[in-house]
Protein chains: 2
Amino acid sequence: VGTFAFDEDTSISPGGEVTLTDRWNGMAGQVNGGYELAICTKALSQIMPFPDPLVVSGFYLRPGTPGPATVRASVLRAGKTTAFGEAGLWRDGKELVRATAAFANLNSPDQNGLLFLGTARPELPPPDEAVGFAPGLGQITIADRFDYRVAELPGWLRGQPSGNPSLEFWMRFADGRDADLTAVPLLVDAAAPPVLELGAVSTTVELTVHLRARPAPAHGPAGGWLACRATTRFVSGGYHEEDFEIWDSTGTLVAQSRQLCMILR
Amino acid sequence: VGTFAFDEDTSISPGGEVTLTDRWNGMAGQVNGGYELAICTKALSQIMPFPDPLVVSGFYLRPGTPGPATVRASVLRAGKTTAFGEAGLWRDGKELVRATAAFANLNSPDQNGLLFLGTARPELPPPDEAVGFAPGLGQITIADRFDYRVAELPGWLRGQPSGNPSLEFWMRFADGRDADLTAVPLLVDAAAPPVLELGAVSTTVELTVHLRARPAPAHGPAGGWLACRATTRFVSGGYHEEDFEIWDSTGTLVAQSRQLCMILR
């Protein structure tokens, strides 16, 4: 810890001070919303009586820019199996993100044991046989923090948007950091959005993440790689949703997220 | 207004007092979570500078029971196109639900005009030719507030859970009240959950609702009826998600919701 970019850039002082660095920028010099939500989740994890974020929702009140910020977290309710908290990320005296979360212990024995998977893990070639690509998006520095591998280059990247806003790919931290649940709120927002296949560009209004299992430690040929699926089903009235799934190397669903986005152009 | 059950039972005094009635009970004498979230949404709508809820997220801190309650709402940020607020529903000095929301004007001209529907409206027989059913669930009084119509009776209702946790049906208020966006957070939580087809019973931890369009006024043969699709794709580790779509009589997607539920048995 401390040697990886994610850990350095989500380091929170005892007083709640955090520096939003310029290594997680999305468009227009603004920090990525998933990065902000991961900071809120980390602040909550330090005060909650259970180890794992279970569901986190973030509302994006204002665009954030790199620089000094403050995160304030508090417990709303600590129950027997679930605890709830809220966190606010502030910069220059203004709240950027309001997050609410439930925490639990995802390593508890599952009394019920019911398992149903209505959708399978994305079918991708092994990471070693898949196509790597550097999006080369200039100021979008967040793309440099991750490795992505795909079966074939997506249409938007070839200048030919496919019209089908769904993407499946492998993803991992470029510096070798293992994925864990604290990083998940970042991961679900850290890939190229599938609406690029419709030629659209949008900004996040709200992002909800369901965290369903701790990712398996990195090992084996797919070690460290996460299989991801990003899909938009409904674009209408100037808004769209985006769903994101993360599966670990053992084929376990780690997380499922949905965000509501406002179309900019 | 005032003559329909929903309007009577979400009436909020200037001081924020509201009576949780026993007409919206789910299991175990507890009020339905969607009913609680609709009260929070209504309280927010009275103070927000835009008319329409755009996305609402509610965390269920404690089970709620019928009786006197208080809802407190405040504006977090009022932007040019979007405003944000939070609301808490309290009973006996304890917070039951923490809600956060973004509001906008869904009747604004859509500058972009992009339309993409990756999934079609549920294909159902016309309401007059579909099968009505009274779930007859005794203490689950919320089922008496709605009419439901289906192509054929679901397996769980015949005592033969199908193993496929997906349900499509028509739905409307039983007393003839039109659906509007304030009622949507209730509607998405007011039908039998599809996990009944797996023999499971669960409780909501968090519910997010995306409100995508004002429902068309009731008229024509499908007037007042909403086409709904409820689906669970992932049951694992003692939790599952549930997605819900609402489509109006003109074929417009009105809302899309997702909740995270904890399995009880």
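Residues numbered from 1 in each chain as written. Chains lettered and ligands numbered in written order. Predicted model: local features only at pLDDT ≥ 70, side-chain atom pairs only at ≥ 80, totals over all residues. Heavy atoms only, no water.

It is worth spelling out helix α2 (residues 33-45) of chain B at this point. Residue and element names in this part refer to chain B. With 13 residues, α2 should reach 18 Å at 1.5 Å per residue; the first-to-last C-alpha distance of 18 Å fits that figure. In terms of burial, α2 is a largely internal element, 12 of the 13 residues being buried. Turning to α2, its buried residues number three or more, namely Gly-33, Gly-34, Tyr-35, Glu-36, Leu-37, Ala-38, Ile-39, Cys-40, Thr-41, Lys-42, Ala-43 and Leu-44. The N-capping residue of α2, defined by a side-chain oxygen 2.8 Å from the backbone nitrogen of Gly-34, is Asn-32. (Helix = DSSP H or I, 4+ residues; strand = E, 2+ residues; numbered from the N terminus. Expected span 1.5 Å × (residues − 1). Buried < 20%, exposed > 50% of the residue type's maximum accessible area, 1.4 Å probe, protein only. Polar contact = N/O pair within 3.5 Å; in protein donor to acceptor, adjacent residues only side chain to side chain.)

We now examine the relation of the copies chain A and chain B. The two copies are related by a screw operation: chain A maps onto chain B through 180° of rotation and 0.0 Å of translation along the axis, at an RMSD of 0.0 Å. Between the two chains, the operation in question is that of a two-fold axis. Most of the interface of chain A is mirrored in chain B, where 100% of its interface residues are also at the interface. (Least-squares fit on C-alpha atoms with pLDDT ≥ 70 in both. Contact = heavy atoms within 4.5 Å.)

Another point: the interface of chain A and chain B. Listed by partner, the interface residues are 59 residues for chain A and 59 residues for chain B. Carbon and sulfur atoms supply 61% of the area that chain A and chain B bury against each other, a total of about 5,200 Å² over both sides. Contact with chain B buries area across many residues of chain A, yet Phe116(A), Arg212(A) and Phe234(A) alone supply 14% of it, more than any other trio. Our count for the chain A to chain B interface comes out at six salt bridges. Between Glu245(B) and Arg233(A) there is a salt bridge; the shortest N-O distance is 3.1 Å. Taken together, the links from chain A to chain B amount to 24 residue pairs in polar contact (both at pLDDT 80 or more). Top contributing element to the side of chain A that touches chain B by residue count: strand β14 (residues 253-263) of chain A, with eight residues. Classifying every residue of the side of chain A that touches chain B gives 27 nonpolar, 18 polar and 14 charged. Judged from the two bridges that link them, strand β12 (residues 234-236) of chain A and strand β6 (residues 116-117) of chain B form a sheet pairing that is antiparallel. (Buried area = accessible area lost by both parts, 1.4 Å probe. Salt bridge = Lys/Arg side-chain N within 4 Å of Asp/Glu carboxyl O. Nonpolar A, V, L, I, M, F, W, Y, C, P; charged D, E, K, R; others polar. Pairing = 2+ DSSP bridges.)

The subject of this paragraph is the side chain of Gln259(A). Inspection of the secondary structure assignment puts Gln259(A) in strand β14. A relative accessible area of 2% means that Gln259(A) is categorised as buried. Of the polar contacts made by the side chain of Gln259(A), one reaches the side chain of Asp189(A); its length is 2.9 Å. In this view, Gln259(A) contacts Val188(A), Asp189(A), Thr204(A), Glu206(A), Leu207(A), His240(A), Glu241(A), Glu242(A) and His210(B); residues no more than four positions away in its chain are not counted.

All names here are of chain A. Most of β14 sits inside the fold, with 11 of its 11 residues counted as buried. Across nine bridges, strand β10 (residues 202-211) lies against β14 in antiparallel orientation. Residue pairing for β14: Glu-206 is matched across the bridge by Leu-260. Sheet topology places strand β13 (residues 239-247) next to β14; nine bridges connect them, and they run antiparallel. Its bridge partner being in β14, Tyr-239 is matched across the sheet by Met-262. Two successive antiparallel strands, β13 and β14, enclose a turn made up of five residues, where Gly-251 displays a positive phi of approximately 85°.

Right, let's talk about the packing of aromatic side chains for a bit. Residues and elements named next belong to chain A. Evaluation of the coordinates by the stated rule reveals 20 aromatic pairs over all chains. Where Trp-24 meets Tyr-35, the ring centres are 5.5 Å apart and the plane angle is 25°; that geometry is what we call stacked. One end of the pair, Trp-24, is in the loop between β1 (17-20) and α2 (33-45); the other, Tyr-35, is in helix α2, with 11 residues separating them in the sequence. Take Trp-24: its relative accessible area is 0%, and that puts it in the buried class. In this structure an aromatic cluster arises from ring pairing among Phe-6, Trp-24, Tyr-35, Phe-133, Phe-146, Tyr-148 and Phe-173. The ring centre of Trp-90 lies 4.9 Å from the NZ or CZ of Arg-72, which sits over that ring. (Phe/Tyr/Trp six-rings, centres within 6.5 Å; stacked < 30°, edge-to-face > 60°. Lys NZ or Arg CZ within 6 Å of the ring centre and 35° of its normal.)

Turning our attention to unusual backbone geometry. Positive phi, normally seen in glycine, also occurs at Asp92(A), with a value near 50°. By secondary structure assignment, the location of Asp92(A) is in the loop between β4 (83-91) and β5 (94-104).

All names here are of chain B. Burial within strand β4 (residues 83-91) is extensive, with eight of its nine residues counted as buried. The sheet contact formed by strand β3 (residues 67-78) and β4 spans eight bridges and is antiparallel. Among the inter-strand pairings, Thr-70 is bridged to a residue of β4, identified as Trp-90. Connecting β3 to the next strand, β4, in antiparallel fashion are four residues. Both β4 and strand β5 (residues 94-104) contribute to a ladder of nine bridges, which runs antiparallel.

Next up on the list: the confidence of the model for chain A. Averaged over all residues, the pLDDT of chain A is 94; the fraction at 70 or higher stands at 95%. This complex was scored by the predictor with a pTM of 0.97 and an ipTM of 0.96. (pLDDT = per-residue confidence, 0-100.)

We now examine the pattern of salt bridges. All names here are of chain B. Taken as a whole and judged by the stated rule, the model has 30 salt bridges over all chains. The partner of Arg-23 in a salt bridge is Glu-8, and the shortest N-O contact between them spans 2.8 Å. With a gap of 15 residues between them, Arg-23 in the loop between β1 (17-20) and α2 and Glu-8 in helix α1 (residues 5-9) connect regions that are remote in the sequence. Exposure remark for Arg-23: the relative accessible area of 26% places this residue in the partly exposed category.

Turning next to empty space enclosed by the protein. All names here are of chain A. What the rule picks out here adds up to two cavities of 30 Å³ or more. Within this model, the largest cavity holds a volume of roughly 80 Å³. Lining the largest cavity, in full, are Asp-178, Ala-179, Pro-215, Ala-216, Pro-217, Ala-218, Gly-224, Trp-225, Leu-226, Asp-248 and Ser-249. Along the lines of polarity and charge, the residues of the lining of the largest cavity split into seven nonpolar, two polar and two charged. Considered as a void within the structure, the second largest cavity measures approximately 70 Å³ in volume. Tallied by class, residues from the lining of the second largest cavity come to seven nonpolar, two polar and two charged. (1 Å grid on protein atoms, 1.4 Å probe; cavity = no way out; pocket = protein on both sides within 12 Å on 5 of 7 lines; lining within 4 Å. Points joined across faces, edges and corners; volume = space filled by probe spheres on them.)

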